[in-house]
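Chain by chain, the residues:
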Amino acid sequence: YVKIYLRYFNNGGIQMKYIKLISTILVFCMIMLIGISTISYAAEESFELQLEPKSSTLNPGDTFSVDIVIDNMNITSGDQGIGAYQAKIVYDSNVLELVSVTAANGWERFLNEGNIVINTDDGEVVKERTTTSTINFKVKDDAEIGETTISLENIKGSSGTTTIDGTGISATINIEEKTTEPPTGEDNTTWGGNTTGGDNTTGGNNTTGGGNTTGGN
(Lines give C-alpha, C1' and ligand atoms only; values in the text may rest on other atoms or scores of the structure.)
Protein backbone atom coordinates (compact mmCIF):
# COMPACT_ATOMS: atom_id res chain seq x y z
CA TYR A 1 0.00 0.00 0.00
CA VAL A 2 2.93 2.37 0.67
CA LYS A 3 4.19 1.82 -2.86
CA ILE A 4 0.79 2.55 -4.34
CA TYR A 5 0.44 5.61 -2.13
CA LEU A 6 3.84 7.03 -3.28
CA ARG A 7 3.25 6.27 -6.95
CA TYR A 8 -0.11 8.04 -6.70
CA PHE A 9 1.53 11.34 -5.68
CA ASN A 10 4.75 10.92 -7.64
CA ASN A 11 2.82 10.73 -10.88
CA GLY A 12 0.85 13.81 -9.96
CA GLY A 13 -2.47 12.10 -10.55
CA ILE A 14 -4.50 8.98 -10.15
CA GLN A 15 -3.29 6.04 -12.13
CA MET A 16 -6.18 3.84 -13.30
CA LYS A 17 -4.20 0.65 -13.00
CA TYR A 18 -3.68 1.27 -9.27
CA ILE A 19 -7.37 2.00 -8.77
CA LYS A 20 -8.17 -1.31 -10.44
CA LEU A 21 -5.63 -3.04 -8.21
CA ILE A 22 -7.17 -1.56 -5.06
CA SER A 23 -10.66 -2.53 -6.25
CA THR A 24 -9.50 -6.09 -6.89
CA ILE A 25 -7.97 -6.34 -3.41
CA LEU A 26 -11.16 -5.03 -1.79
CA VAL A 27 -13.35 -7.47 -3.71
CA PHE A 28 -11.06 -10.34 -2.77
CA CYS A 29 -11.24 -9.34 0.92
CA MET A 30 -15.03 -9.23 0.75
CA ILE A 31 -15.15 -12.70 -0.80
CA MET A 32 -12.87 -14.04 1.91
CA LEU A 33 -15.03 -12.53 4.65
CA ILE A 34 -18.19 -14.02 3.15
CA GLY A 35 -16.50 -17.40 2.86
CA ILE A 36 -15.33 -17.34 6.48
CA SER A 37 -18.82 -16.38 7.69
CA THR A 38 -20.37 -19.21 5.71
CA ILE A 39 -17.92 -21.77 7.09
CA SER A 40 -18.55 -20.58 10.67
CA TYR A 41 -22.32 -20.81 10.22
CA ALA A 42 -22.14 -24.29 8.69
CA ALA A 43 -19.94 -25.50 11.53
CA GLU A 44 -22.30 -24.28 14.27
CA GLU A 45 -23.23 -27.20 16.52
CA SER A 46 -26.82 -27.97 17.52
CA PHE A 47 -29.29 -30.61 18.72
CA GLU A 48 -33.00 -30.91 19.52
CA LEU A 49 -34.99 -32.16 22.48
CA GLN A 50 -38.45 -33.23 21.32
CA LEU A 51 -41.41 -33.75 23.67
CA GLU A 52 -43.62 -36.65 22.58
CA PRO A 53 -46.76 -37.26 24.72
CA LYS A 54 -48.19 -40.78 24.91
CA SER A 55 -51.68 -39.25 24.75
CA SER A 56 -52.65 -35.76 23.64
CA THR A 57 -56.34 -35.72 24.69
CA LEU A 58 -57.04 -36.06 28.42
CA ASN A 59 -59.62 -35.38 31.14
CA PRO A 60 -59.22 -33.73 34.55
CA GLY A 61 -57.76 -36.25 36.97
CA ASP A 62 -55.94 -38.25 34.27
CA THR A 63 -52.25 -39.15 34.48
CA PHE A 64 -50.04 -39.27 31.39
CA SER A 65 -46.40 -39.34 30.30
CA VAL A 66 -44.25 -37.40 27.85
CA ASP A 67 -41.01 -38.79 26.37
CA ILE A 68 -37.95 -36.57 25.92
CA VAL A 69 -36.28 -37.56 22.65
CA ILE A 70 -32.90 -36.22 21.53
CA ASP A 71 -32.59 -35.86 17.76
CA ASN A 72 -31.12 -33.87 14.84
CA MET A 73 -27.62 -33.69 16.32
CA ASN A 74 -25.05 -31.69 14.41
CA ILE A 75 -21.98 -32.14 16.61
CA THR A 76 -18.39 -31.85 15.42
CA SER A 77 -16.56 -31.35 18.72
CA GLY A 78 -15.54 -33.91 21.31
CA ASP A 79 -16.92 -37.36 20.54
CA GLN A 80 -19.34 -35.87 17.97
CA GLY A 81 -22.46 -36.60 20.01
CA ILE A 82 -24.32 -35.65 23.20
CA GLY A 83 -23.55 -37.39 26.49
CA ALA A 84 -25.47 -35.11 28.87
CA TYR A 85 -27.88 -32.19 28.82
CA GLN A 86 -29.78 -29.91 31.13
CA ALA A 87 -33.14 -28.18 30.63
CA LYS A 88 -36.04 -26.57 32.47
CA ILE A 89 -39.51 -28.13 32.16
CA VAL A 90 -42.08 -25.40 31.55
CA TYR A 91 -45.81 -26.02 31.99
CA ASP A 92 -48.97 -24.43 33.42
CA SER A 93 -49.06 -25.42 37.10
CA ASN A 94 -52.74 -24.45 37.27
CA VAL A 95 -53.50 -27.26 34.80
CA LEU A 96 -50.79 -29.88 35.29
CA GLU A 97 -48.89 -31.40 38.20
CA LEU A 98 -45.35 -32.70 37.61
CA VAL A 99 -45.28 -36.12 39.29
CA SER A 100 -41.82 -37.47 38.39
CA VAL A 101 -39.13 -37.88 35.75
CA THR A 102 -37.96 -41.39 34.84
CA ALA A 103 -34.65 -42.06 33.08
CA ALA A 104 -34.67 -44.36 30.06
CA ASN A 105 -32.50 -47.46 30.00
CA GLY A 106 -28.84 -46.42 29.81
CA TRP A 107 -29.51 -42.93 31.19
CA GLU A 108 -29.48 -41.22 34.59
CA ARG A 109 -31.54 -38.26 35.71
CA PHE A 110 -31.53 -35.52 38.34
CA LEU A 111 -34.64 -33.38 39.01
CA ASN A 112 -34.82 -30.22 41.10
CA GLU A 113 -37.88 -27.93 40.95
CA GLY A 114 -38.49 -28.52 37.27
CA ASN A 115 -34.82 -28.37 36.30
CA ILE A 116 -33.46 -31.64 34.94
CA VAL A 117 -30.01 -33.00 34.22
CA ILE A 118 -29.92 -36.14 32.05
CA ASN A 119 -26.73 -38.05 31.22
CA THR A 120 -25.68 -41.45 29.89
CA ASP A 121 -24.78 -43.87 32.68
CA ASP A 122 -21.58 -45.02 30.95
CA GLY A 123 -20.24 -41.57 30.03
CA GLU A 124 -20.54 -42.24 26.29
CA VAL A 125 -22.29 -39.95 23.80
CA VAL A 126 -25.25 -40.73 21.54
CA LYS A 127 -25.24 -39.76 17.88
CA GLU A 128 -28.68 -40.93 16.73
CA ARG A 129 -32.29 -40.31 17.74
CA THR A 130 -32.79 -41.67 21.25
CA THR A 131 -35.44 -41.53 24.00
CA THR A 132 -33.59 -40.30 27.09
CA SER A 133 -36.28 -39.96 29.75
CA THR A 134 -40.00 -39.69 30.48
CA ILE A 135 -41.87 -36.92 32.32
CA ASN A 136 -44.95 -38.06 34.24
CA PHE A 137 -47.81 -35.57 34.74
CA LYS A 138 -51.26 -35.48 36.28
CA VAL A 139 -54.08 -33.27 35.01
CA LYS A 140 -55.47 -31.41 38.01
CA ASP A 141 -59.07 -32.15 38.96
CA ASP A 142 -60.03 -28.48 38.58
CA ALA A 143 -58.00 -27.94 35.39
CA GLU A 144 -59.47 -25.50 32.90
CA ILE A 145 -60.84 -27.10 29.74
CA GLY A 146 -58.80 -26.35 26.61
CA GLU A 147 -55.23 -26.62 25.31
CA THR A 148 -52.08 -26.43 27.40
CA THR A 149 -48.43 -26.53 26.32
CA ILE A 150 -45.41 -28.31 27.77
CA SER A 151 -41.95 -27.12 26.69
CA LEU A 152 -38.24 -27.24 27.52
CA GLU A 153 -36.14 -24.10 27.96
CA ASN A 154 -32.52 -23.19 28.80
CA ILE A 155 -31.26 -26.30 27.01
CA LYS A 156 -27.52 -26.99 27.19
CA GLY A 157 -25.78 -30.15 26.01
CA SER A 158 -22.27 -31.53 26.33
CA SER A 159 -20.17 -33.31 23.71
CA GLY A 160 -17.49 -34.08 26.27
CA THR A 161 -15.42 -31.02 25.41
CA THR A 162 -17.93 -28.34 24.39
CA THR A 163 -21.19 -26.92 25.78
CA ILE A 164 -23.79 -26.66 23.02
CA ASP A 165 -27.09 -24.79 22.92
CA GLY A 166 -30.07 -27.00 22.15
CA THR A 167 -33.54 -26.36 20.77
CA GLY A 168 -36.75 -27.63 22.37
CA ILE A 169 -39.79 -28.91 20.46
CA SER A 170 -42.90 -28.44 22.63
CA ALA A 171 -46.00 -30.62 23.03
CA THR A 172 -49.65 -29.52 23.14
CA ILE A 173 -52.18 -31.30 25.35
CA ASN A 174 -55.95 -30.93 24.93
CA ILE A 175 -57.99 -31.08 28.15
CA GLU A 176 -61.61 -32.14 27.61
CA GLU A 177 -64.52 -32.24 30.01
CA LYS A 178 -65.10 -35.68 31.44
CA THR A 179 -68.36 -37.23 30.24
CA THR A 180 -70.55 -39.61 32.24
CA GLU A 181 -71.45 -42.80 30.42
CA PRO A 182 -74.64 -44.76 31.17
CA PRO A 183 -74.14 -48.03 33.08
CA THR A 184 -73.75 -51.12 30.96
CA GLY A 185 -74.98 -54.69 31.42
CA GLU A 186 -78.61 -53.84 32.23
CA ASP A 187 -81.77 -53.55 30.18
CA ASN A 188 -85.36 -52.58 30.69
CA THR A 189 -86.64 -56.09 31.39
CA THR A 190 -89.61 -56.37 33.79
CA TRP A 191 -89.68 -59.49 35.84
CA GLY A 192 -93.11 -60.88 36.63
CA GLY A 193 -96.26 -59.37 35.20
CA ASN A 194 -99.85 -60.44 34.84
CA THR A 195 -99.05 -64.08 34.26
CA THR A 196 -101.49 -66.71 35.35
CA GLY A 197 -100.15 -70.13 36.11
CA GLY A 198 -102.42 -73.15 36.05
CA ASP A 199 -105.67 -73.85 34.23
CA ASN A 200 -109.33 -73.44 34.96
CA THR A 201 -109.63 -77.08 35.78
CA THR A 202 -112.59 -78.53 37.57
CA GLY A 203 -111.81 -81.52 39.76
CA GLY A 204 -113.38 -83.43 42.52
CA ASN A 205 -111.77 -81.48 45.33
CA ASN A 206 -111.65 -77.83 46.29
CA THR A 207 -107.97 -77.38 45.56
CA THR A 208 -106.35 -74.03 45.01
CA GLY A 209 -103.18 -74.15 42.85
CA GLY A 210 -100.85 -71.65 41.28
CA GLY A 211 -103.61 -70.23 39.07
CA ASN A 212 -107.34 -69.73 39.09
CA THR A 213 -108.21 -73.37 39.63
CA THR A 214 -111.68 -74.13 40.86
CA GLY A 215 -112.48 -77.46 42.44
CA GLY A 216 -115.67 -78.86 43.89
CA ASN A 217 -118.90 -80.36 42.72
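Anything mentioned here points back to the structure above.
One structure accompanies this document, and this report is about it. In this text, all values refer to a predicted model and were calculated from it rather than measured experimentally. (Residues numbered from 1 in each chain as written. Predicted model: local features only at pLDDT ≥ 70, side-chain atom pairs only at ≥ 80, totals over all residues. Heavy atoms only, no water.)

## Observations concerning the nonpolar core
(1) Moving on: Grouped together as the largest cluster of nonpolar side chains are 33 residues, with contacts concentrated most on Phe47, Leu49, Phe64, Ile89, Phe137 and Ile150.
(2) Moving on: Contributions of two or more residues to this core are made by β1 (46-53), β3 (63-74), β4 (84-90), β5 (96-103), β7 (115-120), β8 (130-139), β9 (146-158) and β12 (171-175).
(3) Moving on: Counting residues per element, this core draws most heavily on β3, at 5 residues.
(4) Moving on: Sequence-distant contacts of Leu49, defined by excluding residues within four places in its chain, comprise Ile68, Val69, Ile70, Tyr85, Ala87, Leu152, Ile155, Thr167, Gly168 and Ile169. (Core = buried A, V, L, I, M, F, W, Y, C linked by side-chain atoms within 4.5 Å. Buried < 20%, exposed > 50% of the residue type's maximum accessible area, 1.4 Å probe, protein only. Helix = DSSP H or I, 4+ residues; strand = E, 2+ residues; numbered from the N terminus. Contact = heavy atoms within 4.5 Å.)

## A word on the environment of Thr179
(1) Moving on: In this fold, Thr179 is placed in the segment after β12.
(2) Moving on: Along the backbone, Thr179 and Asn59 are 120 residues apart, and their C-alpha atoms lie at a distance of 9.0 Å.

## Regarding the environment of Thr120
(1) Moving on: Looking at the secondary structure, you find Thr120 in strand β7.
(2) Moving on: Taking the C-alpha atoms as reference points, Thr120 and Gly83, 37 residues apart in sequence, are found 5.7 Å from one another.
(3) Moving on: Once residues within four sequence positions are removed from consideration, Thr120 is found in contact with Gly83, Gly106, Trp107 and Val126.
(4) Moving on: A polar contact is formed between the side chain of Thr120 and the backbone nitrogen of Gly123, at a distance of 3.4 Å. (Polar contact = N/O pair within 3.5 Å; in protein donor to acceptor, adjacent residues only side chain to side chain.)

## Digging into the sheet that holds strand β11 (residues 167-169)
The strands that make up a sheet pair up through hydrogen bonds in the backbone, lying either parallel or antiparallel.
(1) Moving on: The strand order across the open sheet built from 5 strands is β5-β8-β3-β1-β11, with neighbouring strands paired in mixed fashion. Among the strands making up the open sheet, the edge pair consists of β5 and β11. The sheet shows a mean angle of 25° between the axes of neighbouring strands, taken without regard to direction.
(2) Moving on: In this sheet, β8 lies alongside β3 in antiparallel orientation, the contact comprising 8 bridges. From the neighbouring strand, Ile68 faces β8, where its bridge partner is Ser133. (Pairing = 2+ DSSP bridges. Axes fitted to C-alpha atoms, helices over the stretch in contact; angles between N-to-C directions.)

## Some thoughts on unusual backbone geometry
(1) Moving on: The residue Asn72 is not glycine, and still its phi comes out positive at about 50°.
(2) Moving on: Relative to the assigned elements, Asn72 resides in strand β3.
(3) Moving on: In the Ramachandran plot, Gln80 falls in the positive-phi region, its phi being about 60° despite a non-glycine side chain.
(4) Moving on: Following the sequence through the fold, Gln80 ends up in the loop between β3 and β4.

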